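# Residue-level structural notes
If you want the building blocks of each chain, they are given just below.
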Amino acid sequence: MASSANGLFAQMEAIRQSSLRHNAALGVHAVLISQSGWFIHWVEGPGDAVRALLARVRNDPRHHSQRVLHHSRGVRFVPTTWSMVLSPSTESAADFGARVLDLRYMMEQGRQFAPTSVIRRLTAPMRLAMAQDRDDPEAYHRVGVCSAGANEAFDLVRWLAQRHDTVVHARRYAGETDMDSATDYVDFMEAGEPCRMIAISRPSLQHGMRRAFLPDWPWLLLLFVGDARRDGALMDRIRDAFANLPFTPALLGVAPDAATHERMAAMAQAADLRYESLGVMSPAESPAVWQVLRLHLAQAGTPPSSVWAVPEPFLAG
Ligand SMILES: Cc1cc2nc3c(=O)[nH]c(=O)nc-3n(C[C@H](O)[C@H](O)[C@H](O)COP(=O)(O)O)c2cc1C
């Protein structure tokens, strides 16, 4: 927990300066999220370096009550040495803290979740009642959507929320370099499976934390507008965002004409990315876009689990 809510941005800025001094040399990649009076620190790197860093951070008076909520060895998911997010959520520290304690308890009982899943459970939990009944409430379809044009991706999420008579969850993050890391998402049931559709802004594709979540998405829906410059610019951003990630989503394209699909498929192939055309339609036609996407989801089957094995030392004796 943060020791003081005063000057949180200045505190994070000071932590950022220290981290830029140390992390790269240690081979450490880190993400720091501040939400509801808590810090979430996602650290990857050589075991000794990570242990030494966490010991140093544990004694930092800017926070207290450090809890480890995930521990594993494996490939890197975090592509940059530092990125941070200051979330404007108004949820109380106590409500957020209840989820921290819950995750810690589950870990001690031998149940832990993928790092991305831990962060989602803390910062943006799935609240659909029908997902809660399941053994793994994190096993839901996740589809990211990004537009080459204006607001088409955010409009699609808003349209889906209206259709399901539910709310859009808006996230406006202060990123590490004042980038507009906007994300809106909506949760709903589709053919008996929980789904989350996440609209992301183009600039947020450069954000280390956003990129670290991309391996978790089986698909990224791209809404092309038929303007070679804008569509090509989005593809360039996607290629850069996917660099150095262990897995990357398959690209699902919607475009207003067949020539755009051909151009985008060629760019994807040149960058070694999977591209599938979902059809020719206006990216602004949310009902038509959703219709082709839901057919795609119907073929995808059940969403995968987010449960990972817990290493011995973390199990409650
Ligand atoms: C929640 C939290 C996360 C931090 N993350 C890092 C980090 O990833 N890397 C780092 O070097 N320092 C991090 N710090 C700061 C360290 O605790 C420590 O102040 C700093 O590394 C000291 O280095 P300096 O004396 O060169 O500034 C973090 C502090 C807090 C409170």
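How each quantity is defined
Residues numbered from 1 in each chain as written. Predicted model: local features only at pLDDT ≥ 70, side-chain atom pairs only at ≥ 80, totals over all residues. Helix = DSSP H or I, 4+ residues; strand = E, 2+ residues; numbered from the N terminus. Rg over C-alpha atoms; globule rule 2.2 N^0.38 Å. Buried ≥ 20, exposed ≤ 12 C-beta atoms within 10 Å, placed from the backbone. Near = placed C-beta within 6 Å. Axes fitted to C-alpha atoms, helices over the stretch in contact; angles between N-to-C directions. Parallel < 35°, antiparallel > 145°, perpendicular 65-115°, else oblique. Left-handed = near helix turned anticlockwise from the far one by under 90°. Contact = placed C-beta atoms within 7 Å. Nonpolar A, V, L, I, M, F, W, Y, C, P; charged D, E, K, R; others polar. Expected span 1.5 Å × (residues − 1). Domains from an automatic or database assignment. Bend = angle between axes of the 7 residues up to and from the residue. Pairing = 2+ DSSP bridges. Right-handed = clockwise from strand over helix to strand, strands pointing away.

## Some remarks on the overall build of the protein
Along its length, the protein carries 10 helices and 12 strands. Relative to the 2.2 N^0.38 estimate, which gives 20 Å for 317 residues, the radius of gyration of the protein is 20 Å and therefore close to what a compact globule would have. C-alpha extents for the protein along the principal axes are approximately 60 × 45 × 35 Å. In the protein, buried positions account for 36% of the 317 residues.

## As for the site of the ligand
In the vicinity of the ligand there are 16 residues, among which Ser18, Ser19, His22, Phe39 and Asp60 approach most closely. At the level of elements, α1 (8-26), β1 (29-35), β2 (38-44) and α2 (47-58) are the ones that each hand at least two residues to the shell around the ligand. Per-element accounting of the shell around the ligand gives the leading share, 6 residues, to α1.

## Describing the packing of helix α8 (residues 228-242) against helix α9 (residues 258-270)
Closest axis-to-axis distance for the α8/α9 pair is 10 Å, and the angle between their directions is 30 degrees. The orientation of α8 with respect to α9, classified from their angle, is roughly parallel. Considering the relative orientation of α8 and α9, their crossing is right-handed. Between α8 and α9, the contacting residues are Ala228, Asp231, Gly232 and Met235 on the first element and Thr260, Arg263, Met264, Met267 and Ala268 on the second.

## A closer look at the packing of helix α3 (residues 93-108) against helix α4 (residues 115-123)
Interaxial distance between α3 and α4 falls to 9 Å at its minimum, and their mutual angle equals 150 degrees. Together, Phe96, Arg99, Val100 and Leu103 of α3 and Val118, Arg121 and Leu122 of α4 make up the contact between the two elements. For the contact of α3 with α4, the per-class residue count stands at 5 nonpolar, no polar and 2 charged.

## Section: helix α6 (residues 152-163)
Taking 1.5 Å of rise per residue, 12 residues should cover 16 Å, and α6 covers 16 Å from first to last C-alpha, within 8% of that figure. Among the residues of α6, those classed as buried are Glu152, Ala153, Phe154, Leu156, Val157 and Leu160.

## Brief notes about the domain arrangement of the protein
With domains assigned, the protein is organised as domain 1 (8-125) and domain 2 (129-300). One C-alpha centre belongs to domain 1, the other to domain 2; they are set 26 Å apart. Counting residues at the interface gives 21 residues for domain 1, matched by 20 residues for domain 2. Elements supplying a minimum of two residues to the side of domain 1 that touches domain 2: β3 (82-86) and α4. If one sorts the elements of the side of domain 1 that touches domain 2 by residue count, β3 sits on top with 5 residues.

## Some points on unusual backbone geometry
The backbone of serine 36 shows a phi angle near 50 degrees, a positive value even though the residue is not glycine. On the secondary structure map, serine 36 appears in the loop between β1 and β2. Unusually for a residue other than glycine, aspartate 272 sits at a positive phi of about 65 degrees. Residue classification places aspartate 272 among the exposed residues on the basis of 9 C-beta atoms within 10 Å.

## A closer look at α1
Over its 19 residues, α1 runs 26 Å from end to end, which matches the ideal 27 Å to within 8%, given 1.5 Å per residue. Along α1, the sharpest change in direction is near 35 degrees and occurs at serine 19. Taken together, the buried positions of α1 are Met12, Ile15 and Ser19. As for α1, its buried residues are in contact with β1 and β3. Count one or two residues on from α1 and you reach glycine 27, which has phi positive near 75 degrees.

## Looking at the pairing of strand β9 (residues 219-223)
Burial runs high along β9: 5 of the 5 residues are buried. Here β9 shows no split at all, with Trp219, Leu221 and Leu223 on one side and Leu220 and Leu222 on the other all buried. As judged from the 5 bridges shared by β9 and strand β10 (residues 250-255), these two strands associate in the parallel manner. Its bridge partner being in β10, leucine 222 is matched across the sheet by glycine 253. Viewed along the sheet, the connection from β9 through α8 into β10 turns out right-handed.

## Regarding the environment of valine 75
Assignment of secondary structure puts valine 75 in the loop between α2 and β3. Between the C-alpha atoms of valine 75 and glycine 45, which are 30 residues apart in sequence, the distance is 9.6 Å.

## What about the pairing of β10?
Counting buried residues in β10 gives 5 out of 6 residues, a clear majority hidden from the surface. Alignment of β10 against strand β11 (residues 275-280), held across 5 bridges, turns out to be parallel. Pairing of glycine 253 across the sheet is with serine 277, part of β11. This β-α-β element, β10 to α9 to β11, shows right-handed connectivity.

## Notes on the environment of histidine 261
Summarising the element assignment, histidine 261 is placed in helix α9. C-beta crowding within 10 Å serves as the criterion here: with 21 such atoms nearby, histidine 261 is assigned to the buried category. Spatially, the C-alpha atom of histidine 261 lies 37 Å from that of isoleucine 33, the residues being 228 residues apart in sequence. For histidine 261, the contacting residues outside a window of four places in its chain are Gly253, Ala255 and Ser277.

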